[in-house]
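Structural overview
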Amino acid sequence: WFNGTLGYRGFKGDLYEGGLRVPGIVVWPGRVRAGSSSAARVDFTDLHATLVEASGQPAPSEITGRSFLPVLRGRGRHAPQPYQVWYSPDRRQSAVLEGKWKAVWMRDTLALFDLSRDPGEQQDLAAKEPAISARLDSIRRAEDRRVQHPAKPRG
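Criteria and cut-off values
- Residues numbered from 1 in each chain as written.
- Predicted model: local features only at pLDDT ≥ 70, side-chain atom pairs only at ≥ 80, totals over all residues.
- Heavy atoms only, no water.
- Salt bridge = Lys/Arg side-chain N within 4 Å of Asp/Glu carboxyl O.
- Helix = DSSP H or I, 4+ residues; strand = E, 2+ residues; numbered from the N terminus.
- Buried < 20%, exposed > 50% of the residue type's maximum accessible area, 1.4 Å probe, protein only.
- Contact = heavy atoms within 4.5 Å.
- Polar contact = N/O pair within 3.5 Å; in protein donor to acceptor, adjacent residues only side chain to side chain.

Glancing now at the pattern of salt bridges. One pass over the full model with this rule turns up nine salt bridges. One salt bridge connects D108 with R92, and the closest N-O pair in it is separated by 3.9 Å. Note that D108 is positioned in the loop between strand 3 (101–106) and strand 4 (109–114) and R92 in the loop between strand 1 (84–88) and strand 2 (93–98), a separation of 16 residues in sequence. Across the salt bridge formed by K102 and E121, the nearest N and O atoms sit 2.9 Å from each other.

Listed below in structure tokens is the structure:
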């Protein structure tokens, strides 16, 4: 087996970094400089917002991502959401990333990691950082409610 996740925990389909850190490749002659790179952390909703902006169309109000088109064109930085939430219902997993903190729930068991010190997610800090664990859990629960009971469009 090759080291496909470069030492990060987990594999494709997991909500650990080994399943989430996936390189992206963009080829756009005349718009994206060949050979350029970025460490910007983006997710699928950001890709959606970026493609809409690149098309020149107005963004629909339901797009929650933030465009990283300035990063692609080498003219700016990506301003990610204050947090990111992932779900894998078939595996009974969920995760929340806020700044350097990441919480992962596996079958309702919480593990907390400081990605700035432990990018391989080896040291569970949930017991040592109960306030952070609780904050990330409240984000997850609020997102659950928002997704399950979205606000009705106005008009």
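Here the narrative resumes, following the displayed structure.
Residue D108 is not a glycine yet carries a positive backbone phi of 70°. Although it is not a glycine, E121 sits at a positive phi angle of roughly 50°. Examined against the element boundaries, E121 turns out to sit in the loop between strand 4 and helix 4 (130–148). You can call E121 buried: its relative accessible area is 0%.

This next bit is on the environment of Y16. Here Y16 lies in the segment before helix 1 (17–20). What makes Y16 buried here is its relative accessible area of 8%. When near neighbours in sequence (up to four residues on either side) are disregarded, Y16 contacts R9, G10, K102, V104, M106, F113 and E121. Among the polar contacts made by the side chain of Y16, one reaches the side chain of R9 at a distance of 3.4 Å.

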